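# Remarks on the overall topology
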Amino acid sequence: MKKQKNTLKSFILNGSSKECSKQTIVGLFRSIVEPLVEAPSQDGFIAFRLLDTKGMEASIKRLEFSNAKIYSFNDTLTSNKIINVEKEKIWENIEFILVLAPRYSAVLVWDYSDSQLQNFSQICLIFNSRSVGDVAKAIFENANIPLDEYLANFAPDRRENELLNVSINKIVGCLNSVNEEMRINQAEKDDLAKSEKKLLKYEYSSDNAKFIAHEIKNHLSIIDLYTKIMEKRFEKISCDSQTIESIQNSAKNIKNATYSITQFIEELKYNAKPILVEKKLIPVVEEAINLSTAKAEEKNIKIDAIFKEEARIHIDEVKFQSVLLNVLYNAIEALQKGGKITVSFEGKINNMAQIIITDNGEGIPEEIQDKIFEKGFTTKITGSGLGLYNCQTMMKEQYGTINLLKSDVNGTSWELLIPTI
């Protein structure tokens with residue numbers, strides 16, 4: 001039986017050197033059986049082994065109404081008309097169609113598993129030739145009933161008909177090339193359609209972002225306007241110096257926050273890259289602390305700043321302050337009333353300014369510390385899981401980093417590293 005299996009395989013190897021696509025093979029299958037389908041009263045013999053009948057179902061169904069004897073060499077295709085005659089499962093993935101009829105014979109053998117390309121195979125394709133009988137004999141050896149009588153009744157041509165088959169295989173090669181070209185063109189069209197769909201989606205998102213940005217900016221300008229009105233009217237009111245200083249600081253923080261939001265809106269609107277400029281470190285950090293003070297005072301939390309020296313840093317000021325505010329706000333939310341936060345800058349590490357932000361809260365559970373920078377991860381009921389993820393992204397955009405130095409029952413420490421000049 002092993003020799004028999006190799007014989008069928010050898011017909012494929014000795015057939016066409018160029019591999020054919022599944023689309024071409026399905027087309028050849030339909031073409032080979034068509035003469036008997038179109039002449040239902042014609043006597044004939046058909047044997048096949050099909051592992052995948054996609055594209056062939058209609059032809060197989062029509063064959064059942066023909067006058068041909070039909071035999072299958074796998075048990076997945078059986079009916080009152082189709083008889084399974086496979087003796088042993090020795091052919092693995094080899095498939096074939098064999099047709100014998102008066103003055104007409106054809107055989108097609110293929111095996112997709114032999115190709116490195118999916119759904120491609122070399123083929124053995126022979127029409128009206130003595131070689132059809134050679135393939136038929138190899139097939140009949142694995143039948144559980146005698147089938148040799150059909151070779152006698154529908155004797156394939158005694159000649160090789162070599163020129164005929166060379167010509168037919170040339171035509172098949174051209175057909176296969178056309179099929180491949182059509183497949184590639186369709187794939188390119190599909191890719192183009194996907195690209196156009198993505199482009200339309202992007203254009204819609206972009207237009208939507210611009211609309212939202214415009215509306216938000218309108219409201220921000222109202223906030224800015226009323227802040228200025230509040231400042232002017234407050235100038236006419238007599239108050240103690242502490243109240244005056246508090247109101248002025250509040251107005252300043254509202255203006256700074258409005259400016260920061262405006263800058264983020266502009267980035268959303270134009271998809272801009274970070275604008276890195278040279279800045280003094282201490283004023284930038286102090287401004288972030290000032291913006292956090294009101295929130296901290298609500299819980300009686302004190303924020304201390306320790307600066308041992310000044311440094312010039314290369315940052316996108318709005319984004320860097322946003323990172324500082326995120327870390328400070330997280331620290332405030334993690335603390336009970338009366339807690340303490342320390343923001344310190346003691347110097348440089350390898351030309352990077354190191355800012356340490358420490359709180360004396362309960363700390364982050366050890367089992368989730370390696371997940372805190374993951375997009376979407378949050379322990380807050382109303383959280384989005386984007387805070388620390390965005391912080392990490394914004395620091396990378398400025399060639400810096402944000403790291404969790406430690407977190408335990410005694411508190412949490414964060415490290416921000418940003419390039420110095």
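Predicted, not measured: the structure shown is a model, and the values here were computed from it. (Residues numbered from 1 in each chain as written. Predicted model: local features only at pLDDT ≥ 70, side-chain atom pairs only at ≥ 80, totals over all residues. Heavy atoms only, no water.)

### Looking at the overall build of the protein chain
Along its length, the protein chain carries ten helices and 15 strands. Counting the 421 residues in the protein chain, one finds 40% classified as buried. Across the protein chain, every contact between residues at least 6 apart in sequence was considered, and the portion connecting residues at least 24 apart equals 72%. Surface accessibility of the protein chain: about 24,400 Å² in total, with carbon and sulfur atoms responsible for 52%. (Helix = DSSP H or I, 4+ residues; strand = E, 2+ residues; numbered from the N terminus. Buried < 20%, exposed > 50% of the residue type's maximum accessible area, 1.4 Å probe, protein only. Contact = heavy atoms within 4.5 Å. Areas by Shrake-Rupley, 256 points an atom, 1.4 Å probe, with all protein chains shown as cover.)

### Section: helix 4 (residues 130-140)
Among the eleven residues in helix 4, eight count as buried, and that is most of the element. Among the residues of helix 4, Ser 131, Val 132, Gly 133, Val 135, Ala 136, Ala 138, Ile 139 and Phe 140 are the ones counted as buried.

### As for the sheet that holds strand 10 (residues 302-307)
Taking strand neighbours across the sheet as the criterion, the five strands line up as 10-12-13-15-14 in an open arrangement whose pairing is mixed. Here the strands that pair on one side only, and so sit at the sheet edges, are strand 10 and strand 14 (401-408). This sheet shows a mean twist of 15° between the axes of neighbouring strands, independent of strand direction. Pairing analysis gives seven bridges linking strand 12 (residues 340-349) to strand 13 (residues 352-359), with the strands arranged antiparallel. (Pairing = 2+ DSSP bridges. Axes fitted to C-alpha atoms, helices over the stretch in contact; angles between N-to-C directions.)

### Description of the packing of aromatic side chains
This model, assessed by the stated rule, comprises eight aromatic pairs. With 6.3 Å between their ring centres and 90° between their planes, Phe 373 and Trp 414 make a pair best called edge-to-face. One end of the pair, Phe 373, is in the loop between strand 13 and helix 10 (387-397); the other, Trp 414, is in strand 15 (residues 411-419), and 41 residues separate them in sequence. There is no split in this pair, since Phe 373 and Trp 414 are both buried. Following the ring pairs from residue to residue traces out a cluster consisting of Phe 45, Tyr 71, Phe 140 and Tyr 150. Above the plane of the ring of Tyr 329 lies Lys 295, whose end atom (NZ or CZ) is 5.3 Å from the centre. (Phe/Tyr/Trp six-rings, centres within 6.5 Å; stacked < 30°, edge-to-face > 60°. Lys NZ or Arg CZ within 6 Å of the ring centre and 35° of its normal.)

### Considering the packing of helix 9 (residues 317-334) against helix 10
Taken N-terminus to C-terminus, the directions of helix 9 and helix 10 make an angle of 150°; their axes are 9 Å apart at the nearest point. Taken together, the axis directions place helix 9 and helix 10 in an arrangement best described as roughly antiparallel. Seen from above, helix 9 lies across helix 10 with left-handed handedness. Side by side, helix 9 and helix 10 meet where Lys 319, Phe 320, Ser 322, Val 323, Asn 326 and Asn 330 of the first sit next to Gly 387, Leu 388, Cys 391, Met 394, Met 395 and Glu 397 of the second. Among the residues making up the contact of helix 9 with helix 10, the classes are represented as six nonpolar, four polar and two charged. (Parallel < 35°, antiparallel > 145°, perpendicular 65-115°, else oblique. Left-handed = near helix turned anticlockwise from the far one by under 90°. Nonpolar A, V, L, I, M, F, W, Y, C, P; charged D, E, K, R; others polar.)

### Focus on the pairing of strand 13
The buried fraction of strand 13 amounts to seven of the eight residues, a majority that puts the element mostly inside the structure. A loop of two residues connects strand 12 with strand 13, the two strands running antiparallel in sequence, and Asn 350 in this loop sits at a positive phi of about 50°. Pairing analysis gives eight bridges linking strand 13 to strand 15, with the strands arranged antiparallel. For Gln 354, the partnering residue across the bridge sits in strand 15 and is Leu 417.

### Brief notes about the environment of Ala 136
Inspection of the secondary structure assignment puts Ala 136 in helix 4. In this view, Ala 136 contacts Leu 98 and Leu 151; residues no more than four positions away in its chain are not counted.

### What about the sheet that holds strand 8 (residues 123-127)?
Judged by pairing direction, the sheet is mixed, and its six strands sit side by side in the order 4-3-2-5-6-8 without closing on themselves. Of all strands in the sheet, those bounded by a partner on one side alone are strand 4 (82-84) and strand 8. With strand direction ignored, the average angle separating the axes of adjacent strands in the sheet is 15°. Direction of pairing for strand 5 (residues 95-101) relative to strand 6 (residues 104-110): antiparallel, over a ladder of seven bridges.

### Observations regarding a nonpolar patch on the surface
Residues Ile 223, Met 230 and Ile 254 make up a contiguous nonpolar surface patch of about 220 Å² in total accessible area. By the secondary structure assignment, Ile 223 is in helix 6 (residues 162-234). (Patch = residues over 30% accessible without salt bridge, like charges linked within 9 Å, V, L, I, M, F, W, Y side chains within 5 Å. Salt bridge = Lys/Arg side-chain N within 4 Å of Asp/Glu carboxyl O.)

### Quick word on unusual backbone geometry
Despite not being glycine, Asn 119 has its phi angle at roughly 60°, a positive value. By the element assignment, Asn 119 lies in the loop between strand 6 and strand 7 (120-121). For Tyr 399, which is not glycine, the phi dihedral falls at a positive 60°. Tracing the backbone through its elements, the reader meets Tyr 399 in the loop between helix 10 and strand 14. Overall, Tyr 399 belongs to the exposed group, its relative accessible area being 62%.

### Observations concerning the packing of helix 8 (residues 281-297) against helix 9
Following both chains from N to C, one finds helix 8 and helix 9 inclined at 35°, their axes separated by 9 Å at the closest point. Crossing of helix 8 over helix 9 shows right-handed handedness. Of helix 9, the residues touching helix 8 (which contributes Val 284, Val 285, Glu 287, Ala 288, Ile 289, Leu 291, Ser 292, Lys 295 and Ala 296) are Glu 317, Phe 320, Gln 321, Leu 324, Leu 325, Leu 328, Tyr 329, Ile 332 and Glu 333. Of the residues contributing to the contact of helix 8 with helix 9, the split by class is twelve nonpolar, two polar and four charged.

Keep in mind these values describe shape, not function.
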